[in-house]
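Residues per chain, in single letters:
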Amino acid sequence: MSLNIEPKSVFGFFEEISQIPRGSGNEEAISKYLEKFAIDRNLEYVRDSANNVIIKKGGSAGYENSPAVILQGHSDMVCEKEDGSTHDFLKDPLQLKVEGDLLSATGTTLGGDNGIAVAFALAVLDDDTIEHPPVEVVITTDEETGMGGAKALDASYLKARKLINLDSEEEGYLLVSCCGGRRVNLNIPVRREKVSGYTVLSVNIGGLKGGHSGAEIHLQRANANKLMGRVLRALSSEADLRIVSVNGGNVDNAITRDCCAIVAVKDSDVTAVKEKSAALAETLCAEYRGVEEQVLITVTENVTELDPIVKEDGENLVRVINLIPYGVRAMSTDIKDLVETSCNLGIIATDENCVRFGNSVRSSVATRKEALCSKFEDIAALAGGSCDMHADYPGWEFNPDSELLKLFKETYTQMYGKEPVVMAMHAGLECGLFAEKMPGVDMISIGPDMWDVHTPQERLSIKSVASTWEFIKAVLKNMK
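An account of the accompanying structure is given in this report. (Residues numbered from 1 in each chain as written. Predicted model: local features only at pLDDT ≥ 70, side-chain atom pairs only at ≥ 80, totals over all residues. Heavy atoms only, no water.)

### Brief notes about the overall build of the chain
Per the secondary structure count, the chain includes eleven helices and 23 strands. Rg of the C-alpha trace for the chain: 24 Å, near the compact-globule value of 23 Å for 480 residues, within the 12% margin. Counting only C-alpha atoms and orienting by the principal axes, one finds that the chain spans roughly 80 × 50 × 45 Å. Taken across its 480 residues, the chain has 57% of its residues classed as buried. (Helix = DSSP H or I, 4+ residues; strand = E, 2+ residues; numbered from the N terminus. Rg over C-alpha atoms; globule rule 2.2 N^0.38 Å. Buried < 20%, exposed > 50% of the residue type's maximum accessible area, 1.4 Å probe, protein only.)

### Overview of the pairing of strand β10 (residues 198–206)
For β10, the tally of buried residues reaches eight of nine residues, placing the bulk of the element in the interior. As defined by bridge partners, β10 adjoins strand β14 (residues 259–266) across eight bridges and the pair is classed as antiparallel. Each bridged residue has a counterpart across the sheet, and for Y198 the counterpart in β14 is K266. Where β10 meets strand β15 (residues 296–301), six bridges bridge the pair, whose relative direction is antiparallel. Across the sheet, I205 pairs through a bridge with I297, a residue of β15. (Pairing = 2+ DSSP bridges.)

### Let's talk about helix α3 (residues 112–126)
Here α3 is 15 residues long and its end C-alpha atoms lie 20 Å apart, about the 21 Å a rise of 1.5 Å per residue gives. The element α3 is largely enclosed, with a buried count of 14 among its 15 residues. (Expected span 1.5 Å × (residues − 1).)

### Describing the layout of surface pockets
Of the volumes computed, that of the largest pocket is approximately 640 Å³. As for the largest pocket, its lining consists of 27 residues, and the residues nearest its centre are E170, A215, H218, M423 and M425. For the lining of the largest pocket, the elements supplying multiple residues, two or more each, are β8 (173–178), β20 (421–425) and β22 (450–451). Per-element accounting of the lining of the largest pocket gives the leading share, four residues, to β20. Partitioned by chemical class, the residues of the lining of the largest pocket number 14 nonpolar, six polar and seven charged. Taken as a whole, the second largest pocket holds about 420 Å³ of empty space. Put simply, the parts of the chain that give the lining of the second largest pocket at least two residues each are β8, β17 (339–350), α8 (366–382) and β20. Grouping the constituent residues of the lining of the second largest pocket by class yields 13 nonpolar, eight polar and four charged. (1 Å grid on protein atoms, 1.4 Å probe; cavity = no way out; pocket = protein on both sides within 12 Å on 5 of 7 lines; lining within 4 Å. Points joined across faces, edges and corners; volume = space filled by probe spheres on them. Nonpolar A, V, L, I, M, F, W, Y, C, P; charged D, E, K, R; others polar.)

### What about the packing of helix α9 (residues 403–416) against helix α11 (residues 462–477)?
Packing of α9 against α11 leaves a shortest axis separation of 10 Å and a crossing angle of 125°. The angle between the axes of α9 and α11 places the two elements in the oblique class. The interaxial crossing formed by α9 with α11 has right-handed handedness. Contacts between α9 and α11 involve L407, F408, T411, Y412, M415 and Y416 on the former and, on the latter, S467, E470, F471, A474 and V475. Grouping the constituent residues of the contact of α9 with α11 by class yields eight nonpolar, two polar and one charged. (Axes fitted to C-alpha atoms, helices over the stretch in contact; angles between N-to-C directions. Parallel < 35°, antiparallel > 145°, perpendicular 65-115°, else oblique. Left-handed = near helix turned anticlockwise from the far one by under 90°. Contact = heavy atoms within 4.5 Å.)

### Details of the packing of helix α1 (residues 8–18) against α11
Interhelical geometry of α1 versus α11 gives an angle of 120° and a closest axis separation of 10 Å. Comparing their axes, α11 and α1 come out oblique. Contacts between α1 and α11 involve S9, V10 and F11 on the former and, on the latter, I462, V465 and W469. A class-by-class count of the residues in the contact of α1 with α11 yields five nonpolar, one polar and no charged.

### So, the pattern of salt bridges
Tallied over the entire structure, the rule returns 28 salt bridges. Of the charged contacts, one joins R182 and E370 as a salt bridge, the two residues approaching to 2.6 Å between their closest N and O atoms. One end of the pair, R182, is in strand β9 (residues 180–189); the other, E370, is in helix α8, with 188 residues separating them in the sequence. Exposure remark for R182: the relative accessible area of 11% places this residue in the buried category. Between R242 and E193 there is a salt bridge, and its shortest N-O distance comes to 2.8 Å. A residue pair is termed long-range when its members are at least 10 positions apart, and R242 in strand β12 (residues 241–248) and E193 in the loop between β9 and β10 qualify at 49 residues. On the basis of relative accessible area, R242 is assigned to the buried category, the value being 13%. The structure contains a network of salt bridges with shared partners spanning E193, D240, R242, K311 and E315. (Salt bridge = Lys/Arg side-chain N within 4 Å of Asp/Glu carboxyl O.)

### Description of the sheet that holds β22
Two strands in a sheet stick together by hydrogen bonds in their backbones, pointing the same way (parallel) or opposite ways (antiparallel). Ordered by their spatial adjacency, four strands build an open sheet running β4-β5-β23-β22, and the pairing between neighbours is antiparallel. The open sheet has two free edges, formed respectively by β4 (96–99) and β22, since each of these has just one partner strand. Seen against the sheet, α1 touches β4, β5 (102–105) and β23 (459–461) and runs at an angle of roughly 140° to β4. Its contacts with the sheet place α11 against β4, β5 and β23, and it is angled at close to 50° to β23.

### Some details on the packing of aromatic side chains
On inspection of all chains with the given rule, the structure shows five aromatic pairs. A ring pair is formed by F13 and F37, whose centres lie 5.6 Å apart and whose planes are at 75°; its orientation type is edge-to-face. In this pair, F13 sits in helix α1 while F37 sits in helix α2 (residues 28–40), placing the two residues 24 residues apart along the sequence. Residue classification places F13 among the buried residues on the basis of a relative accessible area of 8%. Consider the rings of F408 and F471, whose centres lie 5.6 Å apart with planes at 85°: the pair is edge-to-face. One end of the pair, F408, is in helix α9; the other, F471, is in helix α11, and 63 residues separate them in sequence. Given a relative accessible area of 1%, F408 falls into the buried group. For F471, a relative accessible area of 6% gives the class buried. (Phe/Tyr/Trp six-rings, centres within 6.5 Å; stacked < 30°, edge-to-face > 60°.)

### Considering α8
Under the 1.5 Å per step criterion, the end-to-end length of α8 is 25 Å for 17 residues, consistent within 8% with the ideal 24 Å. Buried residues in α8 make contact with β9, α7 (311–323), β16 (327–331), β17, β18 (354–363) and β19 (386–393). After α8 finishes, the residue G384 shows a positive phi value of roughly 75°.

### Here we look at the nonpolar core
Grouped together as the largest cluster of nonpolar side chains are 61 residues, with contacts concentrated most on L103, I116, I164 and F408. If you tally residues by element for this core, the top one is α3, at ten residues. In contact with F408, other than residues within four places in its own chain, are I164, L174, I444, I446, F471 and V475. The next biggest cluster of nonpolar side chains, apart from the first, holds 51 residues, and it includes A234, V320, L372 and I379. (Core = buried A, V, L, I, M, F, W, Y, C linked by side-chain atoms within 4.5 Å.)

Written out as structure tokens, the structure is:
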């Protein structure tokens, strides 16, 4: 399709990059596209071994000697799709659709996080009528799974001391601080044994909203992985149940919408398991009324080539699921309504000999992040497993003397007759790494309205993109 929506310069580039598969770890094609964009316009650029792309453009007339500014976003996206979707994120283009003011993708995540930043930046570089200082566009990779691109970036190529991050999701908000985080994996070994006289069942939990484990963790949405621990514990009290596998979630920074447990139960217990599951679904729907539209638990007969997990090991797994921390762990005592520390169990993955639990830990207080991570080490030790931690990223501290903040507030007030909201965010942004690599850099983060990012219900406001685009151009004009 050809998006006939304004601003066409921005949405034209968004549509182009939506044709390029760009899930985390699969960014070579989008990086080549950015490289060709720079070559076609005779712009200075660098593409590094991590597929990060930096494109530079001199200031417009009268701005040649103005201090340079960085426009920054990331090219990768979270790849989630609806049940039954045949979309292949490795080769298929996104199927964009417009419904009123909303842009989304059919059956999949939209990639507005953070494709809209790429589109904004390219639109600035492509338009010679925009008034702006020298611009250094930085598009990183692998942001969604550990900020690997930003970590690998050689910041010595960047000369600007001001940075506008375009990875926020609420218009009218100026983001000035974010939390740090870490990925934590628990690996619990399992043994298997053959059994007879058992029926294999699939226990599926679904129908949940999911969401971004940073931006929406405070909404108290249900996590299908965590619910599965509760369901399996309850079913085990009703029947002789042996776990075969538990699998839920694809990325640790998305609140899990679906989880499936394959179990073997005594033939005589099949009816009891189905009845108990139906009762549990009613209980959970009542508990999450007003938060989740539905909590579905379905039980169907199945087949599997895997032998069941030894009963003792299966019970151990259920304890691990129930003990793993989830949700808001602490609120900030400095900033009203800001989540300080949280945890999300985003992945449960079973193979023949091991079950892996993938978690995203976030905190704006480094010592509390360490304390929460230590809980996983304790759980692993008690369960006879191991714990590995990776993808650690720093937070971004608020700078009360920020010149960018002053400029953005003044520009916003001039345009809209009201002050913007200045806020901190309980989600990781690459700003923390840029602050570490470029001490003293002045930063701010903005973006248009988006909802339900990291889910197939992701939506982007067209009007908000247009308004944000005008704001970006006004800010650049005021940076003479």
